[in-house]
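Residue strings, one per chain:
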Amino acid sequence: MADTSTAQNRPGLKAWLLAAEPGSRLQARLGRFYVSWRAFLGNPLAVIGLVIVVALLICAAFADLLATHSPYIGGNLRTERLLPPDSEFWLGTDDQARDIYSRIVYGSRLTLLVVILVSVIATPIGLAIGTISGYFGSWVDVVLMRLTDIFLAFPRLVLALAFVAALGPGIENAIIAIAITAWPPYARIARAETLTIRNSEFIQAVRLQGGSSARIIVKHVVPLCLSSVIVRVTLDMAGIILTAAGLGFLGLGAQPPLPEWGAMIAAGRRFLIDQWWVAAMPGIAIFVVSLGFNLLGDGLRDVLDPKAAK
Amino acid sequence: MAQPILKLENVSVAFGGGRLRVTAVDDVSFALKDGESLGLVGESGTGKSTVLRAISGLAPIRDGRILLDGREVPSPRDLAFYATVQMVFQDPYGSLHPRHTVDQILSEPLAIHRRPDPDTLISNVLRDVGLGPSFRFRYPHQLSGGQRQRVAVARALILRPRIILLDEPTSALDASVQAEILNLLEALRAEHGLSYILVSHDLAVVAHLCERLLVMQRGGIVEEMTADELRAGAVANPHTAAMVAASRGFERRANSL
Amino acid sequence: MSERPLLAIEDLRVRFKLRRGTVEAVRGISFSLGRERLGIVGESGSGKSQTGRAILGLTPPPGEVTAKRLEFDGIDLLSAGASQVWRLRGSRMTMVMQDPKYSLDPVMPVGAQIVEAYRAHVKASNAEAREKALEMLAAVQLRDPTRVLSLYPHELSGGMGQRVMIAMMLVTDPDLLIADEPTSALDVTVQLEVLRILDDLVSQRGMGLIFISHDLELVSSFCDRVLVMYAGKVVEELKASRLADAQHPYTRGLMRCLPKLEGDQHPLPVLDRDPAWAL
């Protein structure tokens, strides 16, 4: 197995990955991943999406290095308020003389936090409920799907408002509220996939070996649902970002002085006419990141779609 | 007289209820002797595949009993049953999990039954079905139809069962590949002392692989005979006779063109 | 007096340009067809179905069809415009496919589909077309054609569906019929009935027939001539009555490896694929 790939090792690694007769499970898995990766790279828009998402990750990870000023402490309130973009303040300053660029860079951490936590909470819930519902059918299916319908009926923002009214504003509560409304579509997708494969012969074969339902669901059904759910989750991320921004805009998400992008837009509303950059810059950031997740999701769907897989 | 290894007594399988009730298997009784290869022939919709599914527990039995080694099989079936009776399905493209390697497919039954030393067992069974170790980590879409069916046979074989139920195992394969799989099944039966129940619509395949056969029509057994009797044309039932005549092929009428 | 051949094909090639490379499904086959029955036999991947589709212009994208000659009754199919091919297809040359479940429109009654097929190529009123449809349904020996007219495809059995398909494909009185595994999805006893009907109709109308199948015995009992295809090429051509004199090892191997009701070898002789056959 090659460790680091220099220019000379490249052909060796590629040949190993594409070997028609893999020698180990790891090699087979990596080989399949490599083939999908090459297919993904063939789609320029998807690559753009991936670049944007990676840029977001880098921004969040290296915010300390990338930011030029402190995101929390403003400069001179007399001379540095509401300055337009220039060489020192790359995207201008807001009404508290804070550098907008730096705030956006640090704000990426909050955006990422919301997206990751919501996905991590909602996806397993959706997968579990969807696969169990689809696999067992009958009353289990009915009960779980009606439960799903109940949660699907809540518009995200409204539920978040209710939560926040009950528990107080803050980014943690916003995340919980969004996660609770995010899982129903994943459950539906997982259920649809499960219904398709539930009676396949390869599932019957495992039952004929004595496999328990839990084993079948976890090892055999879930891997086949994963692609569709991943695509949906990625496409949803744009919506999650916008919802979090909406909550921030309403003052219910991240609280000041956290540089949450939605809250920044809200704060910049008053200056929209003359100092448009205060609201527009975070707005553009939200737009770009949402677009990036959308493009990435589309690209993943093209690659993971089973019909295109061969 | 030795006890049959598998016995069906007045087994009926029906789906749906009330007006929508469909009787797929109607009062079927037969016995499988240890080491015997029994064929179930019939056209589509005659219930022959449903009989296999009833035996394996995949289809619920409305009436009757199934006896394995003289003891009634539990419902739902237990691990001991699955270690004794296994099945090979018809569609090589649908019977293997598309996201699992051959290795994963074969380790699954071993893990469920907690058999030790899975590595050796997997290598051995791959050799038994004529696939070398190079196939071990391939995915199904990297295998041909015949290779997939060999993996399906390996999967059925790896628990060392005594009975293998074969549901049209070669119907979806090309003629040349069918010959290989039939030879494989025959060799394995001799080597491991297996008993087969083979379901097929192809009389020639059944006559080749089985010693005795049952003809099914509309969910019931209409005739029973040995393969030799079939070859000699000693058929009583008109439906069977029609099938035999049809398998001889088409005879063109003389025409002027 | 020699008649112009119904079909003249020279060096037909069908290529699929896929991401992972170019796949050549048909690699240069040539034959001609008069008003006779030609069988094309091969296993999966031999290119036999793609040949039939290429003749009718039904090759799915990204397939490309090239040939030195691809003529139907003197008309060059490669240079003919799409509208001309469309006019020919369905009226003078038609195709019956394997499974009527997938080749008939599931949301229309079958009578309406036959009428539509007829009126697409022949100027006729609805009533005239309906009469013709009834005539064809009777010709394929369906009892109670009037009732069958109003049935939906899912209400027909396999054999009935295939007869409806044949009726639909012969309603315009074509010169050439291509049958791609027309009986493979049917029960054995039903197969014979459907073949009998096809036999009578093809003889009565003096049509040309191309019968594509994987079943060598069946094809040789039904056709006058047989082409055996392997890996996109024709490896043998023989008269159906002289099947026993087949020369090519693939054809001989194919015949030997089938289990026979009368008795056969244990183990069955297995086809030993020589890579030279694919060259």
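Above: the structure in question.
Rules of the game
- Residues numbered from 1 in each chain as written.
- Chains lettered and ligands numbered in written order.
- Predicted model: local features only at pLDDT ≥ 70, side-chain atom pairs only at ≥ 80, totals over all residues.
- Helix = DSSP H or I, 4+ residues; strand = E, 2+ residues; numbered from the N terminus.
- Buried ≥ 20, exposed ≤ 12 C-beta atoms within 10 Å, placed from the backbone.
- Axes fitted to C-alpha atoms, helices over the stretch in contact; angles between N-to-C directions.
- Parallel < 35°, antiparallel > 145°, perpendicular 65-115°, else oblique.
- Left-handed = near helix turned anticlockwise from the far one by under 90°.
- Contact = placed C-beta atoms within 7 Å.
- Nonpolar A, V, L, I, M, F, W, Y, C, P; charged D, E, K, R; others polar.
- Pairing = 2+ DSSP bridges.
- Core = buried A, V, L, I, M, F, W, Y, C linked by C-beta atoms within 7 Å.
- Domains from an automatic or database assignment.

Novice: Got a minute to help me understand the overall build of chain A in this structure?
Specialist: For chain A, the count of helices and strands is 12 helices and 0 strands. Secondary structure elements of chain A occur, N-terminal to C-terminal, as α-α-α-α-α-α-α-α-α-α-α-α. Expressed along its principal axes, the backbone C-alpha trace of chain A runs to roughly 80 × 60 × 25 Å. Taken across its 310 residues, chain A has 38% of its residues classed as buried.

Novice: Explanation requested: unusual backbone geometry in the structure shown.
Specialist: Generally, phi is negative for residues other than glycine and the peptide bonds are trans, each holding for most cases. Residues Pro61(C) and Pro62(C) are joined by a peptide bond in cis, for which omega reads 5 degrees. Cis geometry is found at the peptide bond from His266(C) to Pro267(C), where omega equals -5 degrees. Secondary-structure assignment places Pro267(C) in the segment after α10 (249-256). In the Ramachandran plot, Asp27(B) falls in the positive-phi region, its phi being about 55 degrees despite a non-glycine side chain.

Novice: Looking at this structure, I do not really get the packing of helix α7 (residues 158-170) of chain C against helix α8 (residues 188-205) of chain C. What am I missing?
Specialist: Relative placement of two packed helices is described by the angle separating their axes and the distance separating the axes. All names here are of chain C. At their nearest, the axes of α7 and α8 sit 9 Å apart, and the two run at 15 degrees to each other. By the criterion of interaxial angle, the relationship of α7 to α8 is roughly parallel. Note on packing geometry: the crossing formed by α7 with α8 is right-handed. From α7, Gly158, Gly159, Gln162, Arg163, Ile166 and Leu170 reach across to α8, where they touch Val190, Glu193, Val194, Ile197, Leu198 and Leu201. Considering only residue class, the contact of α7 with α8 consists of 7 nonpolar, 3 polar and 2 charged.

Novice: Hey, could you run me through the interface of chain B and chain C in this one?
Specialist: Put simply, an interface is often sized by how much accessible area is lost when its parts join up. Listed by partner, the interface residues are 28 residues for chain B and 30 residues for chain C. Those elements that place two or more of their residues in the side of chain B that touches chain C are α6 (175-192), α7 (203-209) and α9 (238-247) of chain B. The element that contributes the greatest number of residues to the side of chain B that touches chain C is α6(B), accounting for 7 residues. The residue makeup of the side of chain B that touches chain C, split by class, is 12 nonpolar, 8 polar and 8 charged.

Novice: When you look at the interface of chain A and chain B in this model, what are you seeing that I'm missing?
Specialist: Contacts between the two partners involve 23 residues from chain A and, on the opposite side, 25 residues from chain B. Looking at the side of chain A that touches chain B, the elements that each hand over two or more residues are α2 (25-41), α9 (201-207) and α10 (213-249) of chain A. Taken together, the residues of the side of chain A that touches chain B break down into 8 nonpolar, 9 polar and 6 charged.

Novice: What is the right way to read the sheet that holds strand β2 (residues 22-32) of chain B from this model?
Specialist: Sheet strands pair by backbone hydrogen bonding; their relative direction is either parallel or antiparallel. All names here are of chain B. Taking strand neighbours across the sheet as the criterion, the 4 strands line up as β2-β1-β4-β5 in an open arrangement whose pairing is antiparallel. The sheet is open, and its two borders are formed by β2 and β5 (71-72), each paired with just one other strand. Direction of pairing for strand β1 (residues 6-15) relative to strand β4 (residues 63-68): antiparallel, over a ladder of 5 bridges. Directly across from serine 12, in β4, lies its bridge partner aspartate 63. Those strands touched by helix α1 (residues 48-56) are β1, β2 and β4, and its axis lies near 70 degrees from that of β2.

Novice: What's the story with the pairing of strand β6 (residues 85-88) of chain B in this structure? I'm lost.
Specialist: Consecutive side chains along a regular strand alternate between the two faces of the sheet. Residue and element names in this part refer to chain B. In β6, alternate side chains face the same way, and those of Val85 and Met87 on one face and Gln86 and Val88 on the other are all buried. Note that β6 and strand β7 (residues 163-167) share 4 bridges and pair parallel. Residue pairing in the sheet places glutamine 86 in a bridge with isoleucine 164 of β7.

Novice: Looking at this structure, I do not really get the arrangement of the chains. What am I missing?
Specialist: With 2 pairs of chains in contact, the largest contact count belongs to chains B and C. As for chain C relative to chain A, no contact occurs, and the smallest C-alpha gap between them is 9 Å.

Novice: Any chance you could explain the sheet that holds strand β10 (residues 225-230) of chain C here in plain terms?
Specialist: Residue and element names in this part refer to chain C. The 6 strands lie next to each other as β7-β8-β9-β3-β10-β11, forming an open sheet whose pairing is mixed. Edge strands, defined here as strands with exactly one partner in the open sheet, are β7 (93-96) and β11 (233-239). Ignoring which end each strand starts from, the neighbouring axes of this sheet average 20 degrees apart. Sheet strands touched by helix α1 (residues 48-56): β3 (37-41), β7, β8 (176-180), β9 (208-213) and β10. Its angle to β8, the strand with the most contacts, is close to 150 degrees.

Novice: For this particular structure, what's the right way to read the nonpolar core?
Specialist: Formed by 226 residues in total, the largest nonpolar core has its most connected members in Ile114(C) and Ala167(C). It is α10(A) that contributes the most residues to this core, 15 residues altogether. Both domains that meet at this core, namely domain 1 (7-92 + 176-278) and domain 2 (103-171) of chain C, each give it at least three residues.

Novice: How should the pairing of β9(C) be read in this particular structure?
Specialist: All names here are of chain C. For β9, the tally of buried residues reaches 6 of 6 residues, placing the bulk of the element in the interior. Side chains Gly208, Ile210 and Ile212 project from β9 onto one buried face, and the interleaved Leu209, Phe211 and Ser213 project onto a second face that is buried too. As paired strands, β3 and β9 are joined by 5 bridges and run parallel to one another. Each bridged residue has a counterpart across the sheet, and for leucine 38 the counterpart in β9 is isoleucine 210.

It is worth stressing that arrangement in space is one thing and function is another; only the former is reported here.
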